[in-house]
Amino acid sequence: MSYSRFVEVGRVVLINYGPEEGKLATIIDILDQNKCLVEGPEEITGVARQLIPYKRISLTDLKISIPRNARAKTLKAAWAKEDVLTKWEASSWAKKLSAKKKRASLSDFDRFKVMIARKQKSAIVAQKIKQLK
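Conventions we followed
- Residues numbered from 1 in each chain as written.
- Predicted model: local features only at pLDDT ≥ 70, side-chain atom pairs only at ≥ 80, totals over all residues.
- Heavy atoms only, no water.
- Core = buried A, V, L, I, M, F, W, Y, C linked by side-chain atoms within 4.5 Å.
- Buried < 20%, exposed > 50% of the residue type's maximum accessible area, 1.4 Å probe, protein only.
- Helix = DSSP H or I, 4+ residues; strand = E, 2+ residues; numbered from the N terminus.
- Contact = heavy atoms within 4.5 Å.
- Pairing = 2+ DSSP bridges.
- Axes fitted to C-alpha atoms, helices over the stretch in contact; angles between N-to-C directions.

Considering soluble globular proteins, one finds that nonpolar side chains tend to be buried as a cluster. Ranked by size, the top nonpolar core spans 16 residues in total, and within it I64, I66 and W79 carry the most contacts. Residue contributions to this core peak at three residues, all from helix α2 (residues 72–82). Ignoring any residue separated from it by four or fewer positions in sequence, one finds I66 in contact with V9, G10, T26, I27, I28, L75 and A78. The next biggest cluster of nonpolar side chains, apart from the first, holds 10 residues, and it includes C36, V47, I52 and I57.

Either a parallel or an antiparallel arrangement is found when strands of a sheet pair, and the pairing is made through backbone hydrogen bonds. If you trace the five strands from one edge of the open sheet to the other, you get β4-β3-β2-β1-β5, paired in antiparallel fashion. Bordering the open sheet on either side are β4 (50–53) and β5 (57–63), each of which pairs with just one other strand. Pairs of neighbouring strands in the sheet enclose a mean axial angle of 50°, with direction left out of account. Here four bridges tie strand β2 (residues 24–30) to strand β3 (residues 35–39), and the two strands are oriented antiparallel to one another. Each bridged residue has a counterpart across the sheet, and for D29 the counterpart in β3 is L37. In the packing of α2 onto the sheet, contacts are made with β1 (11–15), β2, β3 and β5, and the angle to β2 comes to roughly 130°.

Below, the structure written as structure tokens:
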């Protein structure tokens, strides 16, 4: 199986560090071996056009077809045409991130309820396995 996520114009990336952490952006231009120009589009993802080092982004499987240094209007139209947000939300990566965020926001009582539910579930599974034997 060959590598398929390349740094290229139109690649959708997830910003993993800094003030824009957790937001999606699109590579607009490649500056050098360390930095690229990304933009959200800002109306959709909240990421303004900026230079960002490769260490601060994670490449996704999503890619849209845009020209190099595309305008914000062109980028927004391409995102709408490719339906990028829906594809991202359907991916397992996005689901894991939302589950992690939800678990982090639980209160002490919510964590207690989850523990009780897990215990009840494991007791039911153990009982069913015992019946099968």
